[in-house]
Structure formats: C-alpha cells, structure tokens
Amino acid sequence: MLVVLTERLSPILEGLKSVAGYSVVESNSKALSVSRTQRSKDRPPLDCSPRMNHSLRLAVGQSSSLSELSTQTDDCILLDGKKVSFLTLSDLSGDSKKDLCRRLVASNGQDVFLMGISYSDAQSLTTCRDFPKASSHTLPRCRSYRLRKTQLMADPFDTFSSVVIQAKNRNRTLYFSRHGESEYNVLGKVGGDADLSSRGRQYADCLAEYVNSTLGSIPGFKLWTSCLKRTIQTAKNIKAPQEHMEALNELDTGVCDGLTYEEIAERYPIEFAARDDDKFHYRYPEGESYLDLLLRVQPVLDRLKVEDNVMVIAHQAVLRCLLAALLNKDEKELPYIHTPLHTVMQLSFNRAGSGCHLELIPLSIECVETHRAKPENCSLTRTAEEALITVPAHF
C-alpha cells in the first residue's frame, strides 16, 4: 500500500487523476487544530491529527502533524500485517514526478492513499502557517483521499522524451548487443538465468574480437551489462571497463519463468491471450510488464543522454525499451522491435539535426530466432494452433 503525503494537495491530486489515471473512491476531511501565536522555528508548521477509516488509522492517528509523520515514515511500516510505504512530495516536477511514477508501478495496482493540507479556502499558505487567525479567514483542512487505478497512463513515454531531444544535440555513438545464445534460447524457454550455449560462447569470442579490434581503442569506451550470467559471460573477454547493472536484467516473467510458449499457452491460456492482446501493458503474474521495465531502466536512459561510446549488453525486452525511448517509438511498436541475437546494434546521433540512425551488424554466428510477431487472433476463444502460430522454432 502506498501513502503519499504532501502539503501541496491540489496539484498532486490532479496529477494522479489526469496523468496517472486514478479516480477518487473515498475522501475524508478534518479541521486543523492550530495556535494563534506565531510559531517558532522548532515547531511543526501545522498541528493536525487526521485519521482514516482504513488500515492507516494507527500510522496517522499516532502522529501529531503531517510534518512529523513524514519524517518518521520515510521507508515503510507493517500495519495489520500489511506493508505500508510512504512517499513525501512537495510538487510533481523533476525527480518528484519520477519517484511517484516508480512507486505507483511498484504498488502493483493497489489503491493509493493521498493525505495533505488543503489551502483552497485559506487566505494564503504563508499566512496560515505563521499567523493563523481563525476570525479573519477560513483555516485550511487536512484531507485524505483513497484513489483507485481506473485507466492506463496517458503517455508513459513523456518521461523519456528528453532523451531523444538530448540525443540530437551532438554527434555520438552507442552500441547495443544481446547476450550470446543461451541454453534457454535453444529450448525456447523464457526468463531464467541460463548459461550460454556452445554457439553463444562462440558469439562471445567473436564479439570480443570485434570490439577489442574496432572499439576498444576509443578513449572512454566502456561496457555495461546486466547482472545475469549470460550477459556477463558474453562480455567476459572484452577489454574495457565493465559495469553490471540490475536495472538491465531481463523482464521478470513471474510464474511463467522457465516455461516455453507452448507450456504457457497450455497452463495459462487466458494469460497468454491477454499478453498477445496488449503486450506493452500486460504484467506477468508475480512478474513485470513492458511498462514496468521501461520505468525500471529509466536511470540507464538518463545516463545514456550524455554518454558516448558505450556498449550495452543486455536482453531482448530491455533493449527494446532502450531503443524505443532513443528512437521515439510508441507503446504499440516497442514490444515488437526486432533485436536479433548475435548482432551488434550501432546507434549514431547526428548534431546536424538528422536525428539518429540504427545500423545492425550481424557477426555471422548461427543462432535460434527468438522474435515472436503478434498473432492475428488474440481472442480467448482462439485455438491452440492460432495462439502458437508465430512462436519461433526451437529444440
């Protein structure tokens, strides 16, 4: 459960409703108890004791002020056996908006509680905080809202639009590659932390030779990988500074981890159809969606705004997210961007304003195909043959 605390209630509430797709399902209001004397520097700005009728009653009721509550609950608490996390916001700009977006995704569709001070009827925020005069104007109130997700985020790519703008400002080159073919790729299984296959190890040697001979001498050249074995094994012999990032780990397939598409279609036919119908927003049970992953890799994208001569060795879904943001693709295109195995993807940015150019450089080591196109029939009543028609061949 996520609790958002703020002293700027109106803009946060409107942002949750208009941008994040939440609707108010319940609200409460309580008058503030304030002193008529000017507050000292050591006093909390406003003295209030809001209570909610749900599982927040103890967390909120035991604190004497919103300021005190926010300083005591920066991380999370356990309440009635449930984990309650807190986020304190002053506005919805810059890092605050990014923090809220990440926490909403982490809440996994649960209701969100918003608590704050409403100054809509008050003379001014500063006057109410420092010189409250109940006789001259209406005092602010402490309000709480319970919000529920009712629609999808309008445009999750807004967060990353600056990446494309920044990319056009100077000449630079980024390099991407998937890991070498893994044992799971050969078997047609999703997820996991498998080792490279024999052909995957050949690709690792070939990639190292290519990079060491053509890119390794470039000043500042560096290599980023995920923390999974198949990317680290692929990068093993490349002579460059390496950084392993959990943010680059493959999309979490949850309960489907380690299964083939055929096994998923047989065990979870409804889930299989739902993912085909809306692959970008679909979240694996106990796993992630492409939207979740896109938000997870945002710190990597932030760094790619300014980096030059970096090679990222990662995974199919991860590279789709990175390339979609950098190439300004939409959410319908993202899950189907072709990122073939055993191929170097070179992304060049031109200062002259011609945008960026993606070049695919295959390294001629045989491998399986893992790209699965969207089937024509995504309905729940489709046959098994229709559901599996675009599944690539595997052993």
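Residues numbered from 1 in each chain as written. Predicted model: local features only at pLDDT ≥ 70, side-chain atom pairs only at ≥ 80, totals over all residues. Heavy atoms only, no water.

### So, the side chain of Glu-288
Here is the rule: Secondary structure elements are defined from DSSP: runs of H or I of at least 4 residues count as helices, runs of E of at least 2 residues count as strands, and each element is numbered from the N terminus. Relative accessibility under 20% of the residue-type maximum defines a buried residue, over 50% an exposed one, and the middle range a partly exposed one, all with a 1.4 Å probe and only protein chains included. Residues are treated as being in contact if the distance between any of their heavy atoms lies within 4.5 Å.
Position of Glu-288 among the secondary structure elements: in the loop between helix 11 (269-277) and helix 12 (290-296). Residue classification places Glu-288 among the buried residues on the basis of a relative accessible area of 15%. Excluding anything up to four places from it in sequence, Glu-288 contacts Glu-250, Leu-251, Asp-252, Tyr-282, Arg-283 and Arg-296.

### Looking at empty space enclosed by the protein
In this approach the atoms are scanned with a rolling probe the size of a water molecule, which exposes any empty space left behind. Here is the rule: Think of a 1 Å grid over the protein atoms and nothing else: a 1.4 Å probe that fits but is trapped marks a cavity, an open set flanked by protein within 12 Å on at least five of seven lines marks a pocket, and residues with an atom within 4 Å of a point count as lining. Grid points are joined across faces, edges and corners, and a volume is the space filled by probe spheres set on the points. Under the convention adopted here, Pro, Cys and the residues Ala, Val, Leu, Ile, Met, Phe, Trp and Tyr are nonpolar, Asp, Glu, Lys and Arg are charged, and Gly plus all remaining residues are polar.
The tally for this structure, following the rule as stated, stands at three cavities of 30 Å³ or more. The calculated volume of the largest cavity comes to roughly 440 Å³. Asn-185, Lys-189, Val-190, Tyr-261 and Gln-316 are, among the 31 residues lining the largest cavity, the residues nearest its centre. The element that contributes the greatest number of residues to the lining of the largest cavity is helix 14 (residues 316-327), accounting for three residues. Here the residues of the lining of the largest cavity sort into eleven nonpolar, eleven polar and nine charged.

### Some points on unusual backbone geometry
Backbone geometry places Asn-309, a non-glycine residue, at a positive phi of 55 degrees. Phi is positive for Ser-364, which is not a glycine, with a value near 60 degrees. Of the residues examined, Ser-364 reaches a relative accessible area of 72% and is grouped as exposed.

### Quick notes on the pairing of strand 10 (residues 310-314)
We apply this condition: Two strands qualify as a pair provided that DSSP identifies no fewer than 2 bridges between them.
Most of strand 10 is tucked away, with five of its five residues classed as buried. Here strand 10 shows no split at all, with Val-310, Val-312 and Ala-314 on one side and Met-311 and Ile-313 on the other all buried. Note that strand 7 (residues 172-178) and strand 10 share five bridges and pair parallel. Each residue of the ladder has a partner; that of Phe-176, found in strand 10, is Val-312. With four bridges connecting them, strand 8 (residues 222-225) and strand 10 associate as parallel partners. Bridged to Thr-225 within strand 10 is Ile-313.

### As for helix 8 (residues 198-214)
The following threshold applies: The span one expects for a helix is its residue count, reduced by one, times 1.5 Å. As used here, the arc is the angular range of directions from the helix axis to the C-beta atoms.
For helix 8, spanning 17 residues, the distance from its first C-alpha to its last is 25 Å, which sits close to the expected 24 Å at 1.5 Å a residue. Turning to helix 8, its buried residues number three or more, namely Gly-200, Tyr-203, Ala-204, Leu-207, Ala-208 and Val-211. Burial along helix 8 is one-sided: seen end-on, the buried residues are contained in an arc of 140 degrees. Residues Glu-209 and Ser-213 are exposed on helix 8 and point more than 90 degrees away from its buried face.

In short, shape yes, function no, at least from these values alone.
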